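# Results of the structural survey
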Amino acid sequence: MNRLQAFWKKPTETFELIQTEKISWFKVFIFFSSNGFVFSYYLLKSKGQIRIETFKETIVSILVMLFFGIIYGLISNFSVGFFIKLTGKIFGGKNDLKRIYNTLSWSYLPITISVYLIIVNILIARVLTTEIESAFAIILALLVGIFSLLQAALGIWQLILIYKGLKVAQELNSWKTILNYITGAGIFGIIYYYLIFPYL
């Protein structure tokens, strides 16, 4: 919670402090996996593959998202970080891979909240499929809407933190930081679109 507050009040200073600390690969794993979980949720949702007809199917859907999210989150973020390092040479970045991974992982701290919100939303959706009082159903539907808005806000905050953190890690100006991220993430995006997405 203290670090969340620090990111909210002084993101640049917080990332500068983080870069002085030893990288925690366990936290990198957790944050990358959280990012992957959120991605897997929206991917499966877009394909209509989140099953909530029964409680068992609901739990299975969550576990599938967790399993896929861990794999995708690790592969995608380690790849993006590597490509940011490669393209960073063009922009004159510091290109320290550990600094980049540390920055990317901590940038996903707010999105870990979305993991809990998504799970709650799925469980609420499951309850809404059962026979419940209309007043209670309205309240639950409103909660789903509120949680969805919170997820959107957290997603925007994450992008801001990526920008702030990468600027510190790469020691670049604003435009070069943005271009460095876009090119690095763009390379992975092309790989994802042509080599991964067709098989999902």
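Placed above this text is the structure.
Residues numbered from 1 in each chain as written. Predicted model: local features only at pLDDT ≥ 70, side-chain atom pairs only at ≥ 80, totals over all residues. Heavy atoms only, no water.

Looking only at helices and strands, the protein chain has eight helices and zero strands in total. Secondary structure elements of the protein chain occur, N-terminal to C-terminal, as α-α-α-α-α-α-α-α. C-alpha extents for the protein chain along the principal axes are approximately 60 × 40 × 30 Å. Sequence-distant contacts in the protein chain: of pairs separated by 6 or more residues, those separated by 24 or more amount to 75%. Summing over all exposed atoms, the protein chain offers an accessible surface of approximately 11200 Å²; the carbon and sulfur share of this is 70%. (Helix = DSSP H or I, 4+ residues; strand = E, 2+ residues; numbered from the N terminus. Contact = heavy atoms within 4.5 Å. Areas by Shrake-Rupley, 256 points an atom, 1.4 Å probe, with all protein chains shown as cover.)

Once that is clear, we can look at unusual backbone geometry. Residue Asn95 is not a glycine yet carries a positive backbone phi of 60°. By secondary structure assignment, the location of Asn95 is in the loop between α4 (55-91) and α5 (97-107). For Asn95, a relative accessible area of 12% gives the class buried. A positive phi is found at Glu171, a non-glycine position, where the angle reads about 55°. Its relative accessible area of 55% is what places Glu171 among the exposed residues. (Buried < 20%, exposed > 50% of the residue type's maximum accessible area, 1.4 Å probe, protein only.)

What follows covers the environment of Ile190. Summarising the element assignment, Ile190 is placed in helix α8 (residues 174-196). In sequence terms Ile190 and Thr14 are 176 residues apart; their C-alpha atoms lie 32 Å from each other.

Right, let's get into α8. The end-to-end C-alpha distance of α8, which contains 23 residues, comes to 31 Å, matching closely the 33 Å that a straight helix rising 1.5 Å per residue would cover. Listed in full, the buried residues belonging to α8 are Thr177, Asn180, Gly184, Phe188 and Tyr192. Buried-residue contacts for α8 involve α3 (25-46), α4 and α7 (134-170). A side-chain oxygen of the first residue of α8 lies 3.3 Å from the backbone nitrogen of Trp175; this N-cap is Asn173. (Expected span 1.5 Å × (residues − 1). Polar contact = N/O pair within 3.5 Å; in protein donor to acceptor, adjacent residues only side chain to side chain.)

What follows is about the packing of aromatic side chains. According to the stated counting rule, one finds 18 aromatic pairs in the structure shown. Each ring, one from Phe31 and one from Trp106, has its centre 5.1 Å from the other, and the planes form 55°; the classification is tilted. Of this pair, Phe31 sits in helix α3 while Trp106 sits in helix α5, and the two are 75 residues apart along the sequence. Trp106 carries the same exposure label as Phe31, and that label is buried. Between Tyr41 and Tyr42, the ring centres sit 4.9 Å apart and the planes meet at 70°, which makes this aromatic pair edge-to-face. With a relative accessible area of 8%, Tyr41 lands in the buried category. Here the aromatic cluster, defined as three or more aromatic residues joined through ring pairs, consists of Trp25, Phe32, Phe78, Tyr101 and Tyr108. The ring of Trp106 is capped by Arg3, whose NZ or CZ atom sits 4.8 Å from the centre of that ring. (Phe/Tyr/Trp six-rings, centres within 6.5 Å; stacked < 30°, edge-to-face > 60°. Lys NZ or Arg CZ within 6 Å of the ring centre and 35° of its normal.)

The relative placement of two packed helices is expressed as an angle between their axes plus a distance between the axes. Interaxial distance between helix α1 (residues 2-9) and helix α2 (residues 11-18) falls to 5 Å at its minimum, and their mutual angle equals 130°. Judged by the angle between their axes, α1 and α2 are oblique. Every residue of α2 that contacts α1 at Arg3, Ala6, Phe7, Trp8 and Lys9 is listed here: Pro11, Thr14, Phe15, Leu17 and Ile18. Looking at the contact of α1 with α2 residue by residue, the classes come out as seven nonpolar, one polar and two charged. (Axes fitted to C-alpha atoms, helices over the stretch in contact; angles between N-to-C directions. Parallel < 35°, antiparallel > 145°, perpendicular 65-115°, else oblique. Nonpolar A, V, L, I, M, F, W, Y, C, P; charged D, E, K, R; others polar.)

This part takes up the nonpolar core. Of all hydrophobic cores here, the largest spans 44 residues; its most connected members are Phe7, Met65 and Leu104. Elements that contribute at least two residues to this core include exactly α1, α2, α3, α4, α5, α6 (109-128), α7 and α8. (Core = buried A, V, L, I, M, F, W, Y, C linked by side-chain atoms within 4.5 Å.)

Turning to α1, a few remarks are in order. Among the residues of α1, those classed as buried are Arg3, Leu4 and Phe7. The buried residues of α1 all sit within an arc of 105° when viewed along its axis, so they share a single face. In α1, the exposed residues that point more than 90 degrees away from the buried face are Asn2, Trp8 and Lys9. In this fold, the buried residues of α1 make contact with α2, α5, α6 and α7. (Arc of directions from axis to C-beta.)

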